[in-house]
Structures are given as structure tokens and as C-alpha cells.
Amino acid sequence: MAVISRRTILTGTVAAAGSAAVGLAAGGPAMAAPLAAASENGGGAYGPTFGPASVTQSDPRYAELVVGNNQRWVARPESVRLVGSTDQVVAVVQEAVNAGKRVSIRGGGHCFADFVYNMDTKIIIDMSMMDKVYFDSTRKAFVVEGGALLGNVKNALYKGWNVTLPAGICLDVGIGGHATGGGYGMLSRRFGLVSDHIEAVEMVVVDKYKVARRVVASRSPADPNHDLWWACTGGGGGNFGVITRFWFRSPDATGDSPTTALPAPPKDVLLNVVTVPWSSLDQAKFTTLVRNYGVWHEQNAAADSPYTAACSQMLIPHRAGGNITVFTEIDAGLSNASQLLADYVAAMIRDTGVTGPFQSQKMSWLDSVKVIGTANPTLTGNPTLRSGIKTAFMRKSFTDAQLAALYGQLTRTDYANPNVVLQLAGYGGGKINTVPPGATATAHRDAAFLAALQGFWLNPAEDSVHVGFLRDAYGALFASTGGYPVPNDQTDGCYVSAPDPDITDPAINRSGVPWYRLYYKENYPRLQLVKARWDPNNFFRHSQSITAP
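Notes on the structure in this doc start here. Fair warning: this is a prediction, and the values are worked out from it, not measured in the lab. (Residues numbered from 1 in each chain as written. Predicted model: local features only at pLDDT ≥ 70, side-chain atom pairs only at ≥ 80, totals over all residues. Heavy atoms only, no water.)

## Section: the packing of aromatic side chains
No. 1: By the definition in use, this model includes 26 aromatic pairs.
No. 2: Taken together, a centroid distance of 5.5 Å and an interplanar angle of 15 degrees make the contact between Phe 246 and Phe 248 stacked.
No. 3: For Phe 248, a relative accessible area of 1% puts it in the buried group.
No. 4: With 5.8 Å between their ring centres and 75 degrees between their planes, Phe 398 and Phe 449 make a pair best called edge-to-face. Of this pair, Phe 398 sits in the loop between strand E14 (386-394) and helix H11 (400-410) while Phe 449 is found in strand E16 (residues 449-457), placing the two residues 51 residues apart along the sequence.
No. 5: The exposure class assigned to Phe 449 is buried, which follows from its relative accessible area of 0%.
No. 6: Between Arg 139 and the ring centre of Trp 247, over which it is positioned, the NZ or CZ distance is 5.0 Å.
No. 7: The ring of Trp 230 carries Arg 526 above its face, with NZ or CZ at 3.8 Å from the centroid. (Phe/Tyr/Trp six-rings, centres within 6.5 Å; stacked < 30°, edge-to-face > 60°. Buried < 20%, exposed > 50% of the residue type's maximum accessible area, 1.4 Å probe, protein only. Helix = DSSP H or I, 4+ residues; strand = E, 2+ residues; numbered from the N terminus. Lys NZ or Arg CZ within 6 Å of the ring centre and 35° of its normal.)

Encoded structure:
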């Protein structure tokens, strides 16, 4: 049997947003002392606390620290502050407040818009040195510092305690923006969103007297800071303050043991890959293939689906990309895992003329994390990419008119970027769609799948060409609703963790639905109240930030 590797998953296509490879660093020790002993200036179990370090334009590190994974957005701040503790963050924020200087916050650096890197920012607070993962026996929850990357978090939680978070597949995405935007991954159909597991946050805020201070806000309704916790469970990054620590504990967890505080991933998974050459598809077969994916997820979005322990993604590149790929993961411990997987593949290729055999392989869950997370050769090791993304939560499959528009755009002969792709990611399936839309700030709770149209390129002179294609294709897909997926019985708005700069432009977003409703739906007025209370001076802001009422 052929071995599944990262190349066999995504040959000829672009992976999920920003799937650059990253080495899986070890997390914390298998057990840490309570919070106070493992933090702040003395360093406790971790030795001396790093920093702070101030990197200015004369420093050779400066050029690398003023741009993220998307080279379209570059800053020219007076300095980049690499911080190692909450105390240091408080000091930097207070300095900026006193001087009237704008700050922005870098976690993993994967923002698709200009939230972190822009010409108004004078000080970038870089969280990358705050990346520890450990268990706090006082809160009975896992601490993840604000600069930790998903690969580090998954590795540490699994190796230390055989638990995990249902986080995304891209290993060098930062936990801060990911968790506060909801955060979904291959285990989310079974275990919910990352935001569903936030027990508390530690945040540096600026009060009405312009004093920077640290606060802790928790899930407990009795907590006077509970509203701030709620806002951090889907309100997006950079709106209220600087999150220096998360505490993660599942809402249904019981007992004091760290091994029961978060869900355990499957011991092994079956990973299946279906590769469909574009050359084998005419418009009718393409339409059937993509419709099969949407209809299946529509029919299996509820908690009673037998497929809650499975997740599948379809990657549909421009025809120049060569192949459409469907990769699927299911818990190998299920007694009928092989049959479920075979039935799913059959449902995907039904009436398309596509035939197997298709690669399927049993591997450990952690190996699957590495294989999927480092699958994209286009992005791996390439620090010069430019990119754009547009998203849509889909309650139902695409219509025939939408599929015709999609086929027309992806087979255009006047545009041939192999690194543009429509990624369809399975949603729903259990824990996601059983949470009420107001229980957390993540309002998108009944989608069947998430669609993300994204492109990557190198040459700055080609920005208008590639951005223009994304606008054309996305606009054609949602032409009947003004170019954007307005909340209705088929579509349900956009994903705040993949921000789209066009969403605020009425010449492009002609839907009449404001950007904040596409991101937050009915939760936006409540988020505004949180903003008014916790950031009354609007100190923390960016081009799409929440505003007070």
C-alpha cells in the first residue's frame, strides 16, 4: 500500500490558510507548580523570565519583526517589543498610553489583513517569547501563554497529558487570534471549537483613567469580569487588550486531574486521500463532486450523525493547480471506522466517474497532525508570500447557479495561479452546533461547512491581478446576495479569524449587511458594551475593530 505523506495529500494544491511548516517544540514539564510559581519575574520552574527586548530600526532583527506571513502588510514602528511576562506587557502598554502611541499585538503573525502590520502602529508587542504550556492545579486548567503556536500547544498537551485542543491544522498559527476568533480544526466536529474550552483569560487592559493593568476574566457567571471572558470566546483579537495567558478546561470536565481537563485525541486515525485530476472533470462532473461534499455535510451537521468523529476537507484549486483533493480523518478506534470511511468516499465520488483505489492509512493521531500540518510545499520555508482570503459559513450546499459560477472562475484561461484554492472544511457534527449562539461570542453555530477562497503569490506587482481574481470569484459565488454570504437559510456570514479587507468597502460588499454582522451577527451589540467597559479610550484598535455603542 502506498504511504500517505504530506505531498500525497496536497500535490498541486494550496493547503489551508497559512499551512507553513514548523518544528514541533516541546511544551512545559509534565506537571508544573501552581500559577504563581511558574510565572512573572522570577521565572519559577522555567528559570529567569525573558526580556523585555526592544528592537529598533538599527537592529538587524527589525526587518523580520515588522512583517508577518502575509507580505502585503508591513509596518514601520519605532520599535518591536519582545516580552516575556505579563508585567512586561503592562509596562509596555503603559509607556505607549503615556506617549499617545498606537500599539498592535503579534501572536503567530498569520493575519490576512493589516491588523498588526500597518503604518499607524508605533509599537508592536511581540508575544512570541511567551509560549509556555503547563497545568495550573489551582484552576485545574491548562495555561497556554499568549504567544504559543498551535504546533507547540498540541505537542505539549499530548505528550505531557494525552489531551488536546480541537485547534486548526496550521502548526505555526498563534493561539491568541485563533482562540479568540473561535478556532476550529480536524477534531472540532467531535469536541467543539477552541473557544468553547477557554476557562479564563489574563489580559492587560487600559482603564478610563488611562492606567494599564492586568485582569483575569473567567467562565464563571459569578465573576464580575465574566463579560470580558465572553468577548474573548469569539470577539477576535486586538479588540480589548493583550491576552497574556489562557486557561483551558472543557466545560464538562470533572475532577482535578489534568488528564481529564481537556479531551483526549484518538490514539490512531485512518487518513484517507482522494485525488481527482481536473483533466477528468467536465462541468457536470465538477458540479456533482462539489455538490456531493456540500450535501453530505448538510445531512451530517447534527449531533446525532454517526460521523462526529470524522472530519473532511476538500481543496479545489484553479484548474492550473492540477488536482482536486479530498482528505478525511476518522478515529480508527471506532468499531466501524473502515466502513464509515468507505461509505463517505463513495458518497463523495458518486456519479462523478471518479474511480479508486484511494489511499488510506492508519497512523497515530500525532503523526497525522504533522502530516496534515506540514503538507503544503508551496508555503513551507517560503517567507515572501503575499496572500488574500475570503470566507463563508455555509448552512446548505452551493446552488446550481453558484456551482456554475465557481466552475467558470476556476477554469478561466486569462488567470492561471495554481496557488489559489477554495477550501471546504467540515463543520457541525456535534459539539459545535449544540452550543447556543449567544453562549459564547462565536455566533456561527449551525453551519454545515466553512468555505475559504484563498490565494498566494510572490510578486508585489501582481497584487491587483490576484486580489482582483479573488474578488471576481467570490463575488460571482455570492452574486445573488450582493457579493457576500449574508445570514440566511443557506449562508451565515464570515469567519473573523480570516479577516477580509474588502468586507468594509460598500463598493465590494454590496449586500447591505455591515461587516460586523457578517462576523458577529446578533452578538455585536453585546461586544460593543464589553468594548465600552474594558477599553473606554479605544486604545486597542485596528481597521476592523469593535467600536463602543
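Okay, back to it.
## Quick notes on the sheet that holds strand E5 (residues 133-136)
No. 1: Taken in spatial order, the five strands make up an open sheet running E5-E6-E9-E7-E8, and their pairing is antiparallel. Of all the strands in the sheet, just E5 and strand E8 (212-218) have a single pairing partner and so form its edges. Across this sheet, the average inter-strand angle for adjacent strands is 25 degrees, counted without regard to direction.
No. 2: Pairing between E5 and strand E6 (residues 141-145): four bridges, direction antiparallel. Within E6, the position partnered with Val 133 by the bridge is Val 144. (Pairing = 2+ DSSP bridges. Axes fitted to C-alpha atoms, helices over the stretch in contact; angles between N-to-C directions.)

## Some thoughts on the pairing of strand E9 (residues 242-248)
No. 1: Here E9 lies mainly inside the structure; seven of its seven residues are buried.
No. 2: The pairing of E6 with E9 spans four bridges and is antiparallel. Its bridge partner being in E9, Glu 145 is matched across the sheet by Arg 245.
No. 3: In this sheet, E9 lies alongside strand E7 (residues 198-206) in antiparallel orientation, the contact comprising six bridges. Looking at the pairing, Ile 198 lines up with Phe 248 of E9.

## Quick word on helix H8 (residues 283-299)
Three- or four-residue spacings in an α-helix give side chains the same orientation, since the helix completes a turn every 3.6 residues.
No. 1: Here H8 contains 17 residues, and its C-alpha end-to-end distance of 24 Å stays within 8% of the 24 Å for a straight helix at 1.5 Å per residue.
No. 2: The N-cap of H8, judged by a side-chain oxygen 3.2 Å from the amide nitrogen of Ala 284 a few residues on, is Asp 282. (Expected span 1.5 Å × (residues − 1). Polar contact = N/O pair within 3.5 Å; in protein donor to acceptor, adjacent residues only side chain to side chain.)

## Thoughts on the pattern of salt bridges
No. 1: Scanning all chains against the criterion turns up 27 salt bridges.
No. 2: Among the salt bridges present, the one from Arg 190 reaches Asp 331, with a minimum N-O distance of 2.7 Å. Of this pair, Arg 190 sits in helix H6 (residues 188-191) while Asp 331 sits in strand E12 (residues 323-331); the two residues are 141 residues apart in sequence, bridging distant segments of the chain.
No. 3: Salt-bridge contacts for Glu 522 lead to Arg 517; the nearest nitrogen and oxygen are separated by 3.2 Å.
No. 4: Residue class for Glu 522 comes out exposed when judged on its relative accessible area of 53%.
No. 5: Shared partners join several salt bridges into a network, and the residues in it are Asp 87, Glu 202, Arg 214 and Arg 245. (Salt bridge = Lys/Arg side-chain N within 4 Å of Asp/Glu carboxyl O.)

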